[in-house]
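# Reading the structure
The primary structure of each chain is shown beneath.
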Amino acid sequence: MNPTAASQLDARERLLDAAEALIYAGGIHATGVDAIVREAGAARKSFYNWFESKDALVAAALTRRDERWMRWFVDGTLKRARAPRTRLIAMFDVLREWFASDDFHGCAFLNAAGETASPDDPVRLIAREHKARLLAFVREQCDALVAANEMDRRHAARLARQWLILIDGAIGVALVSGDADAALDARAAARQLLDAFTRTRTFRSRPPSRSPARRTARSEEKDHE
């Protein structure tokens, strides 16, 4: 790669870095192109060389953040535990680490989606895809949990959706309250959900046993035969 091309590519990355940081901290509408260009230390011409509009830059920055955030969350979860149940619980320990960081400003995708009016807005679509990817990862762990407990696999879908709500709820509470321990409260609720889920589903999966009264009645019938 020649020096000019390398410099242009570097400018693109700096624009993406600046856009992500400023938008995550202050919001899409509050962040102008001039602020992004200034933060990136790039020429305004570089902006238009790479992006046709601010919306295109925001979409590219969010897409890149989705890849990085998911990689961080998945790796952090898998490193903390091996069994499906403990991996599910470990997700909240990963979240707490994030909540306690200085640059935590909530979920970038929920924040961005909240600034868009149309459900078909590219930013809203990226946010939806991010949540779909997160749900898919949670679903993998729920499928493994169900398989380990020899339960009907169909039950995993509902558990995964409930788990995603706990994750997003913890993120929202941590943002508003400024309390990283929101992750611990969500973890406690998650444990109760898992206990109820495994207890109920395991019970339902077992064949019904005869009541003592029925067993006694059949024994009496045999005695008279």
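Nothing here was measured: the structure is a model prediction, and the numbers come from that model.

### Re empty space enclosed by the protein
Taken as a whole and assessed by the stated rule, the structure comprises one cavity of 30 Å³ or more. Approximately 50 Å³ is the volume attributed to the largest cavity. Every residue lining the largest cavity is listed: Arg65, Trp69, Trp98, Gly106, Cys107, Ala108, Phe109, His130, Lys131, Leu134 and Ile171. For the lining of the largest cavity, the secondary-structure elements that each account for two or more residues are α4 (54–80), α6 (108–114) and α7 (122–148). For the lining of the largest cavity, the element with the highest residue contribution is α7, accounting for three residues. By residue class, the composition of the lining of the largest cavity is seven nonpolar, two polar and two charged.

### A short note on the layout of surface pockets
Here the largest pocket is characterised by a volume of approximately 230 Å³. Looking at the lining of the largest pocket, the elements with two or more residues in it are α1 (3–26) and α4. Considering every element that reaches the lining of the largest pocket, the biggest residue donor is α4, with four residues. Across the lining of the largest pocket, the residue classes break down as five nonpolar, no polar and four charged.

### Describing the UniProt feature "DNA-binding region" (unreviewed entry) in the protein chain
Those places that UniProt annotates as "DNA-binding region" (unreviewed entry) correspond, in this numbering, to residues 32–51. With 75% helix and 0% strand, residues 32–51 has end C-alpha atoms that lie 14 Å from one another.

### Examining helix α5 (residues 84–99)
Residues spaced three or four apart along an α-helix point in a common direction, a consequence of the helix completing one turn every 3.6 residues. A rise of 1.5 Å per residue sets the reference length of α5, with its 16 residues, at 22 Å; its end C-alpha atoms lie 23 Å apart and thus fit the reference within 8%. Buried within α5 we find Pro84, Leu88, Ile89, Ala90, Met91, Phe92, Val94, Leu95, Trp98 and Phe99.

Criteria and thresholds
- Residues numbered from 1 in each chain as written.
- Predicted model: local features only at pLDDT ≥ 70, side-chain atom pairs only at ≥ 80, totals over all residues.
- Heavy atoms only, no water.
- 1 Å grid on protein atoms, 1.4 Å probe; cavity = no way out; pocket = protein on both sides within 12 Å on 5 of 7 lines; lining within 4 Å.
- Points joined across faces, edges and corners; volume = space filled by probe spheres on them.
- Helix = DSSP H or I, 4+ residues; strand = E, 2+ residues; numbered from the N terminus.
- Nonpolar A, V, L, I, M, F, W, Y, C, P; charged D, E, K, R; others polar.
- UniProt positions renumbered as here; feature names shortened; annotations may be inferred.
- Expected span 1.5 Å × (residues − 1).
- Buried < 20%, exposed > 50% of the residue type's maximum accessible area, 1.4 Å probe, protein only.

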